[in-house]
Amino acid sequence: MKAEEASRDPERVEETAPVEEPKPRRPRVRRIDIFRAWCKGCGICVAFCPRGVLAIDEDGYPFVKDLEACTGCGWCEIRCPDFAITVESRRRRSKAGESNEKE
Ligand code: SF4
Ligand code: SF4
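Residues numbered from 1 in each chain as written. Chains lettered and ligands numbered in written order. Predicted model: local features only at pLDDT ≥ 70, side-chain atom pairs only at ≥ 80, totals over all residues.

Asks: Would you explain the overall build of the chain in this entry?
Replies: Secondary structure assignment for the chain yields 4 helices and 4 strands. Mapped from its N terminus to its C terminus, the chain presents α and β elements in the order α-β-α-β-β-α-β-α. Taking all 103 residues of the chain together, the buried fraction comes to 13%. Across the chain, the fraction of contacts at a sequence separation of at least 24, relative to all contacts at a separation of at least 6, is 52%. (Helix = DSSP H or I, 4+ residues; strand = E, 2+ residues; numbered from the N terminus. Buried ≥ 20, exposed ≤ 12 C-beta atoms within 10 Å, placed from the backbone. Contact = placed C-beta atoms within 7 Å.)

Here is the structure:
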């Protein structure tokens with residue numbers, strides 16, 4: 001039987017592999033630390049974050065609103081004039097050899 005005829009055969013049951021659900025991606029960023037003692041509440045980190053991860057609280061200080069949206073780009077850390085915010089990503093830790101956790 002030719003392949004074309006086989007595809008039209010009503011008796012034929014096609015076996016297909018089960019479709020696997022995609023695994024949820026782990027966030028790339030483990031944590032973002034904001035040192036209140038050094039922070040002056042200028043809002044630069046919030047303004048430069050391209051993903052809306054950070055927001056300003058009622059006291060005028062930044063807080064992490066949505067860690068899962070963070071890409072670990074580091075803009076907030078680079079732009080903070082007071083070194084008051086740090087971003088700890090999985091990639092950065094594993095490159096430095098500080099973590100045994102697999103990517
Ligand atoms: S690392 Fe990038 S995405 Fe994450 S909070 Fe900072 S600026 Fe936003
Ligand atoms: S840029 Fe630095 S000093 Fe300014 S609000 Fe953000 S963490 Fe605070």
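Asks: Hey, could you run me through the site of ligand 1 in this one?
Replies: What surrounds ligand 1 is a group of 14 residues, the closest being Cys49, Val53, Cys70, Cys73 and Cys76. Residues that form the shell around ligand 1 fall into these classes: 10 nonpolar, 3 polar and 1 charged. (Near = placed C-beta within 6 Å. Nonpolar A, V, L, I, M, F, W, Y, C, P; charged D, E, K, R; others polar.)

Asks: Explain unusual backbone geometry to me, please; I cannot follow it from the model alone.
Replies: Most peptide bonds adopt trans geometry, and most residues besides glycine take a negative phi value. Located in the positive-phi region is Phe83, a residue other than glycine, with phi close to 55 degrees. Structurally, Phe83 can be placed in the loop between α3 (75-79) and β4 (85-89). Given 10 C-beta atoms within 10 Å, Phe83 falls into the exposed group.

Asks: I keep staring at the nonpolar core and nothing clicks. Help me out?
Replies: What tends to happen in soluble globular proteins is that the nonpolar side chains get buried as a cluster. In this structure, Val29, Ile32, Cys45, Cys49, Val53, Leu54, Cys70, Cys76, Cys80, Ala84, Ile85 and Val87 together form the largest nonpolar core, which totals 12 residues. Taken together, the elements giving at least two residues each to this core come down to β1 (29-34) and β4. (Core = buried A, V, L, I, M, F, W, Y, C linked by C-beta atoms within 7 Å.)

Asks: How do you make sense of the site of ligand 2 when you look at a structure like this?
Replies: Taken together, 13 residues form the shell around ligand 2, and within it Cys39, Cys42, Ile44, Cys45 and Cys80 come nearest. Classifying every residue of the shell around ligand 2 gives 9 nonpolar, 2 polar and 2 charged.

Asks: Sorry, what's going on with the environment of Cys80 here?
Replies: Mapped onto the elements, Cys80 comes out in the loop between α3 and β4. Along the backbone, Cys80 and Gly43 are 37 residues apart, and their C-alpha atoms lie at a distance of 8.8 Å. Not counting chain neighbours up to four residues away, the residues in contact with Cys80 comprise Ile44, Cys45 and Ile85.

Asks: What's the story with the environment of Val87 in this structure? I'm lost.
Replies: Structurally, Val87 can be placed in strand β4. When the 22 C-beta atoms within 10 Å are taken as the criterion, Val87 is described as buried. For the pair Val87 and Gly72, spaced 15 residues apart in the sequence, the C-alpha separation amounts to 6.7 Å. Apart from residues lying up to four places away in sequence, Val87 is in contact with Val29, Ile32, Gly72, Gly74, Cys76 and Glu77.

Asks: Just checking my understanding: could you explain the confidence of the model for the chain for this structure?
Replies: Parts of the prediction with low pLDDT should not have their coordinates interpreted in detail. Taken over all residues, the pLDDT of the chain has a mean of 82, while the share at 70 or more is 74%. Every residue in residues 99-103 scores below 50 in pLDDT, and together they form 6 contacts with partners more than four places removed in sequence or on other chains. (pLDDT = per-residue confidence, 0-100.)

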